Amino acid sequence: MTLRYCHHTLCIAGRSVPSLAEKQDTPFYAYSLPSVQERARAFRRAFPNALIAFALKANRYPPILRALAAEGLGVDVVSLGEWHLARAAGFPPERVVVNGNAKSDALLQEAIAAGAQSINLDAAEEVPRVVAAARAMGKTAAVAIRINPGLDVHTHPHLQVAAQGSHFGVPPEQVLAVAQAIAEAPELRLAGIHLHPGSQLLAAADWEAVVAAAREWVGRLRSAGFPVQQVNFGGGLGITYTNAPDPQPAALAEQIHRGLAGLAPLRLAFEPGRWLVARAGVLVVRVVQVKHAWGQRFVAVDGGMNALLRPALYGARHRIWPVRRREPARPATVVGPNCESTDVLARDVPLPADLAAGDLLAVLDTGAYGASMANAYNARPLPAEMLVGESLPPADV
Ligand code: LLP
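Residues numbered from 1 in each chain as written. Predicted model: local features only at pLDDT ≥ 70, side-chain atom pairs only at ≥ 80, totals over all residues. Heavy atoms only, no water.

1. Some thoughts on the site of the ligand
Phase 1: Around the ligand there are 20 residues in total, and S199, E271, R310, Y314 and Y369 lie nearest to it.
Phase 2: Contact between the ligand and R274: an oxygen atom at 2.8 Å from a main-chain N or O atom of the residue.
Phase 3: Contact distances for the ligand include 2.6 Å between an oxygen atom and a side-chain N or O atom of Y369.
Phase 4: Expressed as a share of its isolated accessible area of 580 Å², the protein-covered part of the ligand is 91%. (Near = heavy atom within 4 Å. Polar contact = N/O pair within 3.5 Å; in protein donor to acceptor, adjacent residues only side chain to side chain. Areas by Shrake-Rupley, 256 points an atom, 1.4 Å probe, with all protein chains shown as cover.)

What follows is the structure, encoded as structure tokens:
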């Protein structure tokens, strides 16, 4: 991440955060363009021939989308709104992957008309809907079967989507019947399988299980006569949310190539969201009031669960840094402005002892699922977003 202190003042991509806050009311998200580009290129280096379809749900800020489209990435969309954002940002239809467990007819029609790379079928019951939409337009739709392999990966329960009992994906016992239905429909062409394992995976062992499931399903489908040519591993590569290094796509590539050895020809696809953009973003908030009560220091800021839902929804821990660093530091509980006891951004955060109203704080690693999940609770405006580092200005040290 291109975030560092320049003479005790926090800078993102070479711009001092206070200078950004002069032009923009808080709370706002600032994204580092170089950080997004670096990550996109690292993913590409690990998988030179794969379709890397950015999960737009992680961040829908148009300049970020345009930057990723310009890097040659594809995109994964789950709604008509996401479809339109993706197309406006310059992603060509043949690089758009359509996911979702409740795709609207309008989304299906757009995707089929434009020739999306793949519509990932989430249920046996979705097959006749896609057939009908394609038939009405006289088109053929490329589809993949989103298999729910029933994996128990290590992540927050809210982020498990490939476990038994989940409402996502086709359960194992229905996969062959769905493949058969696709084969029988002249309007459909089987593009491959899709196996999104869940989100925020850090353990290599989890990926071993995902790769083994992919190998098993390619084998089962091919030996039943269904030509699987693409495996889409979905998203899921996590970040540590600390100073510790993140898992790397290069290591994942090794695992996958080992695990799928001998299965060629097979095209790979991925839908990374968090790994590409989380580290690129900070949420900048301003201290409204500091309260001393119950033996604690509560630092109330102007953006909480309305601007960043992750701590309230998943107990997620994001580092919070003072924009102007000074000693001594003392622990604080950083709380949002909303009338909810869960509106706590973080506890036990070391922050300057003299922190006062008007000071700025930065909530780190919020480029993914930050602004995209922001809401208007308590009638607060949505946080603004900005991209820094377009022309890579020198650090203002
Ligand atoms: N593909 C599919 C089909 C997905 O459902 C998701 C995420 C992704 C790709 C991207 O996964 P990623 O690479 O970002 O892990 N709001 C939560 C994350 C929910 C993820 C939902 N699906 C959070 O803030 O942690």
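2. Focus on the state of the cysteines
Phase 1: Per the stated rule, a full pass over the model turns up 1 disulfide.
Phase 2: There is a disulfide in this structure between C6 and C11, and the S-S distance comes to 2.1 Å.
Phase 3: Residue class for C6 comes out buried when judged on its relative accessible area of 4%.
Phase 4: We classify C11 as buried; its relative accessible area is 2%. (Disulfide = S-S within 2.5 Å. Buried < 20%, exposed > 50% of the residue type's maximum accessible area, 1.4 Å probe, protein only.)

3. Notes on the packing of aromatic side chains
Phase 1: Tallying each qualifying case throughout the model produces 8 aromatic pairs.
Phase 2: With centroids separated by 5.6 Å and ring planes inclined at 45°, the aromatic side chains of Y31 and Y61 adopt a geometry described as tilted. Pair noted here: Y31 is in strand β4 (residues 28–32) and Y61 is in the loop between β5 (51–55) and α3 (62–70), with a separation of 30 residues, a long-range link. For the pair Y31 and Y61, a shared accessibility class is recorded, and that class is buried.
Phase 3: Ring geometry for F47 against F270: centres 4.2 Å apart, planes inclined by 35°, an arrangement best described as tilted. Of this pair, F47 sits in the loop between α2 (33–46) and β5 while F270 sits in strand β12 (residues 267–270), and the two are 223 residues apart along the sequence. (Phe/Tyr/Trp six-rings, centres within 6.5 Å; stacked < 30°, edge-to-face > 60°. Helix = DSSP H or I, 4+ residues; strand = E, 2+ residues; numbered from the N terminus.)

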